[in-house]
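Fold and contact review
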Amino acid sequence: NIVWSGCYDGGLDIFDLTTRHMRDVRVWPQTQIGNTPANARYRWHWNFPVVLSKHEKGKVWVGSQFVHETSNGGQNWKEISPDLTTNDKSHQQNSGGMASDNLMTWDGCTLYAMAESPVQRGVLWAGSNDGMLNVTQDGGKSWTNVSPNIPGLPKWSTIRHIDASNFNAGTCYVAVNAMHNGDFGVYAYKTTDFGKTWSRLPVDLPASNSNVLHQIIEDPAKQGLLWIGTDNGLYFSPNDGANWVRLKNNLPPVPIYGLTIQKNFRDLVIGTYGRGIYILDDVTPIREFSQQIQNSEAYLFSLRPAYRFQKKDAIKSDDSFVTGQNPPDGADINYYLKSKSADSVELKVLNAKGETVQKLKAKNKPGINRVYWDLRLQKYELPKLRTKPRGKEWVQLDSTGARTMFIYDLDIGPGLTAPLAPPGAYTVVLKAHGKEFRQTVQVMKDPSTKSTEADIQKQFAHGVNLFNAINATLSLIDDMEKTRSRLLTMTTDKKNGKAAAALEEKIYQLEGKLHDIHQTGARMDIFRNAPQVLERLLAMGKEGIVSSADAPPTDQQGEVYAITNQQLQEVEKAYNLLKQNADWKNMKMN
C-alpha cells in the first residue's frame, strides 16, 4: 500500500494508499536548484531510478551518481556504491544556453536505470546517462564496470532500461539510447554471465528517430520471449531477439516509455509518452503460439483464472478525461483457426457435472480469435409478442406479425442479467474442423468481498431458482402469444369462431397474470399497469442477484420468491388444463 515517486532536485515521496497521506523522504533535502551540477553533493536526473527489492521487503534503492539504500521507508539512507558515472565535469556545467536553467532535472553523469535480479539476492545493475553500466553481486559491497565489455556501445549514450532475467541470475537485457548525440541506431544487448560478455540483439530496424529504443523486457513467464518499445511502436520476439514482430492492433504510433507484465492477469501494460497507458489483456496466445500450433487446424489456448468481480458503488463520471477502458468482465477465451472451418465453430462452457453453463457465439475466422464468457448462465431470450394490447389498435406489428417485448430498464430490466456461476473449475469446449478441444478455467471469488463460498452457493441457488422461474415464465408467454395469435385469426370462422374467441379470452386472462399484457412499448407503461409474475421475478433478480454483492438471500427474498413461484405454477397448471379442453383439440391447437 506504499507508492514511491520521484521528481527533480532529488525529490522523493512515499504515499500511503490506506491513509491517503504523503511523506517526503528524499535522500538529501538540501536543494540544489540554481546551482551548477558539478558543485552539488548529489546529481539527479528528473527520472532517477527507484527500485523496490523483490527479496527483502522494505528495502529500496534510488540512484543519483551513487546508489542509495534504505530499509526503513526512507527514514535514513546510506550510499552503497562509488560514483558509477564517468564523473566528467564538462558534462556537469550550467544548462540552458544563454540563460541558465539549473533545476536539477537533466544533470549529466547521473544514474538513469537500475534493476535487481529476481533470481538471486544481492545482484543489482545500475546504468547511467553517460554510457556506464555497473553490476554488484554482493548487495553493493563491490561493483564491476561492465560497459567496456559491450560491443559497439555508443559513447555518452544513455543506458535507457535494464531488465534482469526471471530465469537466470547472470542474464540481463539492456536498452541503450544515443539519440541525444545524433545517433539514432537501435541498441539492444544481452549478457548471460553478469556482464563479462555481451551480444547485440539483431533488431532489424533502420536508424531513425522513430526507432530509437526506450524499453526491453523478457516475459516473466516464458524464457526468450522479449518485448521492446521504440519511439514509435511495440515489438516482440518469440526467439530471444533473433526475429521481431510489430504488434499494432489499436495501439497508435507512440513512444513506449514503460513496459511491464502483470503476472497474475498476464496483461502487458504499456506506458506511452503523451498518449496515456495501454493494456494488452492476456498475452497467453503470444506466449503459447508456436510453429506446431500454427500448423494445426485449430487450437484452444490455456485460460487464465477469471474473477467474479463485484461492482463497487461510487460517484464517478464516465465523461472524465482520465477514464480508461476496461475489458469485458469474465474469462477471455482464445482460440486459433488455421483456416475457416467447414462446419460451424461451437464454443461452450461446462460445469463440473458436465452440464452446459453457457453456449457462446464463436467466430469462424482464420487466425487468433477472442471470445469472452461473462461467467454467467445462459442469457435470457425474450419472446416476441404476436398480439396487440386490447384497446390500442395503434400499436403496430411488424411484417412477421410480431412486436418486441419491452422490459422497463431501471428497476426491472437489470433482472434479465443471468446469475454469476459460483467459484470452481469449468471446462471450455471448442468444436472446429470436426475436432474437439478442451481447456479448464478456474473461476475465482472476488478477493475484496467478505462473504464465504457457502454464502455464494446460497446466493447462486437462489439465483438458479429465479433463473428457472423466469425462463419458464418467458416460455409460457411465448406459447400463449403464439396460441392467441392463431385463435384471433379464427374468430371470424363461422364454425369455430365463438369457441376460438372464448378460448382466446381464457388464455388472455392467464397471460395477464404472467406479465404486463397491456404494454405498448412505451417506457412509462410500468407505472400505469400493475406488475405480474415476470416483473416481480425480474425485480427480485435485480435487487438480490445483480445489485447485491456476494451474499445469501434474505429470508424475505426467499419468502417472496416462493409466493411468486406459486403463482407461476398455478398459471401453468391452469394453462395445461386448457390444453385438455375439447375445443382446443377440435381446433387442433397442438
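Anything mentioned here points back to the structure above.
A quick note: this is a predicted structure, and the numbers were derived from the prediction, not measured. (Residues numbered from 1 in each chain as written. Predicted model: local features only at pLDDT ≥ 70, side-chain atom pairs only at ≥ 80, totals over all residues. Heavy atoms only, no water.)

Quick look at the pairing of strand 1 (residues 2-6)
As a reminder, the rule being used: Pairing between strands is defined by DSSP: at least two bridges between them are needed. What counts as a helix is a DSSP run of H or I of at least four residues, what counts as a strand is a run of E of at least two, and both are numbered from the N terminus.
Examined bridge by bridge, strand 1 and strand 2 (residues 12-16) share five bridges and lie antiparallel to one another. Residue pairing across strands places Ile2 opposite Asp16, the latter belonging to strand 2. If you look at the hairpin formed by strand 1 and strand 2, you'll find five residues sitting between the two strands, and Asp9 has a positive phi there, around 60°.

Details of the side chain of Thr272
Condition: Two N or O atoms form a polar contact when they lie within 3.5 Å of each other; inside protein one atom must be a possible hydrogen donor and the other a possible acceptor, and for residues adjacent in sequence the pair counts only when both atoms belong to side chains. In what follows, a contact means two residues having at least one pair of non-hydrogen atoms within 4.5 Å.
When you line up the elements, Thr272 lands in strand 21 (residues 267-272). There is a polar contact of 2.6 Å between the side chain of Thr272 and the backbone oxygen of Gly276. Beyond its immediate stretch of four places on either side in the chain, Thr272 contacts Val254, Pro255, Tyr257 and Tyr278.

Points about unusual backbone geometry
Peptide bonds are mostly trans, and most non-glycine residues show a negative phi. The cut-off we apply is this: Exposure categories follow from relative accessible area, calculated using a 1.4 Å probe and restricted to protein chains: below 20% of the type maximum is buried, above 50% is exposed, and the middle band is partly exposed.
Positive phi is not limited to glycine here, since Cys109 has a value of about 60°. Mapped onto the secondary structure, Cys109 falls in the loop between strand 7 (78-79) and strand 8 (111-116). Notably, Lys588 is not glycine yet its phi reads approximately 55°, a positive angle. One can find Lys588 in the segment after helix 7 (582-586). Given the relative accessible area of 65%, Lys588 is considered exposed.

So, the sheet that holds strand 16 (residues 213-218)
Read from one edge of the open sheet, four strands run 16-17-18-19, paired in antiparallel fashion. Strands with a single pairing partner mark the edges of an open sheet, and in this sheet they are strand 16 and strand 19 (245-246). As paired strands, strand 17 (residues 226-230) and strand 18 (residues 234-237) are joined by four bridges and run antiparallel to one another. By the bridge assignment for strand 18, Trp227 is matched with Phe236.

Remarks on the packing of aromatic side chains
Selection rule: Ring geometry is summarised as follows: Phe, Tyr and Trp rings, the Trp one being its six-membered ring, pair when their centres sit within 6.5 Å, and such pairs are stacked at plane angles under 30 degrees, edge-to-face over 60 and tilted between the two. Consider the ring centre and the ring normal. A charge sits over the ring if Lys NZ or Arg CZ is within 6 Å of that centre and within 35 degrees of that normal.
For the coordinates displayed, the defined rule picks out 17 aromatic pairs. Between Tyr42 and Trp44 the ring centres are 6.3 Å apart and the planes differ by 65°, which places this aromatic pair in the edge-to-face class. Aromatic pair Phe265 and Phe309: ring centres 6.4 Å apart, planes at 35°, arrangement tilted. Of this pair, Phe265 sits in the loop between strand 20 (256-262) and strand 21 while Phe309 sits in the loop between strand 24 (306-307) and strand 25 (331-337); the two residues are 44 residues apart in sequence, bridging distant segments of the chain. The exposure class of Phe309 is partly exposed, given its relative accessible area of 43%. One aromatic cluster is present, built from ring pairs that chain together Tyr42, Trp44, Phe48 and Phe66. In this structure, Arg160 packs its charged tip against the face of Tyr257, placed 4.7 Å from the ring centre. Against the face of Tyr508 rests Arg390, its NZ or CZ located 3.5 Å from the ring centre.

Topic: the packing of helix 5 (residues 533-546) against helix 6 (residues 555-578)
Packed helices, taken two at a time, are described by the angle between their axes plus the distance between the axes. Defined as follows: Axis lines are fitted through C-alpha atoms, for helices just across the contact stretch, and the angle between N-to-C directions can take any value from 0 to 180 degrees. These descriptions rest on fixed angle ranges, namely under 35 degrees for roughly parallel, over 145 for roughly antiparallel, 65 to 115 for roughly perpendicular, and the rest for oblique. Here a crossing is taken to be left-handed if its near helix is turned anticlockwise relative to the far helix by less than a right angle, and right-handed if that turn runs clockwise. Gly is put with the polar residues, along with every residue not named as nonpolar or charged; the nonpolar set is Ala, Val, Leu, Ile, Met, Phe, Trp, Tyr, Cys and Pro, and the charged set is Asp, Glu, Lys and Arg.
Packing of helix 5 against helix 6 leaves a shortest axis separation of 10 Å and a crossing angle of 155°. Classified by the angle between their axes, helix 5 and helix 6 sit roughly antiparallel to one another. Handedness of the crossing formed by helix 5 with helix 6: left-handed. Between helix 5, through Val533, Arg536, Leu537, Met540 and Gly544, and helix 6, the contact on the second element is made entirely by Gln557, Val560, Tyr561, Thr564, Gln567 and Leu568. Taken together, the residues of the contact of helix 5 with helix 6 break down into six nonpolar, four polar and one charged.

Focus on the sheet that holds strand 28 (residues 367-373)
Strand order across the open sheet formed by three strands is 23-25-28, with antiparallel pairing between neighbours. Sheet topology places strand 23 (298-300) and strand 28 at the edges, where each strand pairs with a single neighbour. With strand direction ignored, the average angle separating the axes of adjacent strands in the sheet is 20°. The pairing of strand 23 with strand 25 spans three bridges and is classified as antiparallel. Paired with Leu300 across the bridge in strand 25 is Tyr335.

So, helix 6
Using the following cut-off: To estimate how far a helix should extend, the number of its residues minus one is multiplied by 1.5 Å.
Between the first and last C-alpha of helix 6 there are 35 Å, a value that for 24 residues agrees with the 34 Å anticipated at 1.5 Å per step. Burial in helix 6 covers these residues: Tyr561, Thr564, Asn565, Leu568, Val571, Tyr575 and Leu578. Of the surrounding secondary structure, the elements contacted by the buried residues of helix 6 are helix 3 (453-490), helix 4 (497-511), helix 5 and helix 7.

Describing the side chain of Ser128
Mapped onto the elements of the fold, Ser128 is located in strand 9 (residues 124-128). Here Ser128 falls in the buried class, since its relative accessible area comes to 0%. Leaving out residues up to four positions away in the same chain, Ser128 has contacts with Leu84, Thr85, Thr110, Leu111, Tyr112, Ser157, Thr158 and Ile159.

Considerations on the environment of Ser71
Relative to the elements of secondary structure, Ser71 occurs in the loop between strand 6 (67-70) and strand 7. Ser71 gets classed as partly exposed once you look at its relative accessible area, which sits at 45%. In sequence terms Ser71 and Val60 are eleven residues apart; their C-alpha atoms lie 6.4 Å from each other. When residues no more than four places from it in sequence are discounted, the contact partners of Ser71 are Glu56, Gly58 and Lys59.

What to know about the environment of His462
Mapped onto the secondary structure, His462 falls in helix 3. Spatially, the C-alpha atom of His462 lies 8.3 Å from that of Ile545, the residues being 83 residues apart in sequence. Non-local contacts of His462, meaning those with residues more than four positions away in its chain, are made with Ile545, Pro553, Gln557 and Tyr561.

Brief notes about helix 5
Given a rise of 1.5 Å per residue, 14 residues ought to cover 20 Å, and the 18 Å separating the end C-alpha atoms of helix 5 matches this to within 8%. Summarising burial for helix 5: ten of the 14 residues are buried, a large majority. Every buried residue belonging to helix 5 is among Val533, Leu534, Glu535, Leu537, Leu538, Met540, Gly541, Lys542, Gly544 and Ile545, and all of these are buried. In this fold, the buried residues of helix 5 make contact with helix 3 and helix 6.

Here we look at the packing of helix 3 against helix 6
One can describe the packing of helix 3 onto helix 6 by two numbers: an axis separation of 11 Å at closest approach and a directional angle of 30°. What the angle tells us is that helix 3 and helix 6 run roughly parallel. For the pair helix 3 and helix 6, the sense of crossing is left-handed. Across from His462, Asn465, Leu466, Ala469, Ala472, Thr473, Leu476, Asp479, Met480 and Thr483 in helix 3, the residues of helix 6 making contact are Gln557, Tyr561, Asn565, Leu568, Val571, Glu572 and Tyr575. Residues of the contact of helix 3 with helix 6, tallied by class, amount to nine nonpolar, six polar and two charged.

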